[in-house]
Structures are given as structure tokens and as C-alpha cells.
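If you want the building blocks of each chain, they are given just below.
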Amino acid sequence: MPHKFRLGQLVRLRSQAAARNANRIYEIVSLLPDAAEQPGYRIRSTEAGTCEAREPELVAASRTSNPAS
């Protein structure tokens, strides 16, 4: 399955756990191999550092997007 997001693209976490960090924007810094038909990504934010997320956990974002809309 091909990756939906590209290197350098801005994303947000869509999970309930991320609700308190709704304004946090991450950048895709590397593409990870598919695991169980879900492409993965290494993402980074200045506030939270670097972590890994699977494609269903992410939604496209921009620096000017409003998560409440």
C-alpha cells in the first residue's frame, strides 16, 4: 500500500489522546515500512519531539489550519 503523506508534509494526530494537543503540528520526517497494511511515519514537532504513527492516526494539516473547524 503506498504512503498517503509525503516527506515534509504537515500532519496532526487524530486520536482522542491528541485532543489536548489539537494545535500541535507534526512534520513527516521519514516513511516507515507497511505493517499490517498500514503505512507508518516518523513524525516530529518542536514541542513533542519525534515519534512514530500509522497512517490512520494522522490527518493532513497546515500551519494556518484550525482544528476546531
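How each quantity is defined
- Residues numbered from 1 in each chain as written.
- Predicted model: local features only at pLDDT ≥ 70, side-chain atom pairs only at ≥ 80, totals over all residues.
- Heavy atoms only, no water.
- Salt bridge = Lys/Arg side-chain N within 4 Å of Asp/Glu carboxyl O.
- Helix = DSSP H or I, 4+ residues; strand = E, 2+ residues; numbered from the N terminus.
- Pairing = 2+ DSSP bridges.
- Axes fitted to C-alpha atoms, helices over the stretch in contact; angles between N-to-C directions.

A.B. asks: Give me the lowdown on the pattern of salt bridges, citing residues and values where you can.
C.D. replies: The full count for this structure, using the stated rule, is three salt bridges. Glu47 is the partner of Arg24 in a salt bridge, and the nearest nitrogen-oxygen pair spans 3.9 Å. Here Arg24 is found in the loop between strand 1 (10-13) and strand 2 (26-35), whereas its partner Glu47 is found in the loop between strand 3 (38-45) and strand 4 (49-54), with 23 residues between them in sequence. Salt-bridge contacts for Arg42 lead to Glu52; the nearest nitrogen and oxygen are separated by 2.5 Å. One end of the pair, Arg42, is in strand 3; the other, Glu52, is in strand 4, and ten residues separate them in sequence.

A.B. asks: Tell me what's going on with the sheet that holds strand 5 (residues 58-60), and back it up with residues and numbers.
C.D. replies: Across the sheet, which stays open at both edges, the five strands sit in the order 4-3-2-1-5 with antiparallel pairing between neighbours. Only two strands of the sheet have a single neighbouring strand rather than two, namely strand 4 and strand 5. The mean angle between the axes of side-by-side strands here comes to 40 degrees, regardless of whether they run parallel or antiparallel.

These results come straight from atomic positions and should not be treated as a statement about function.
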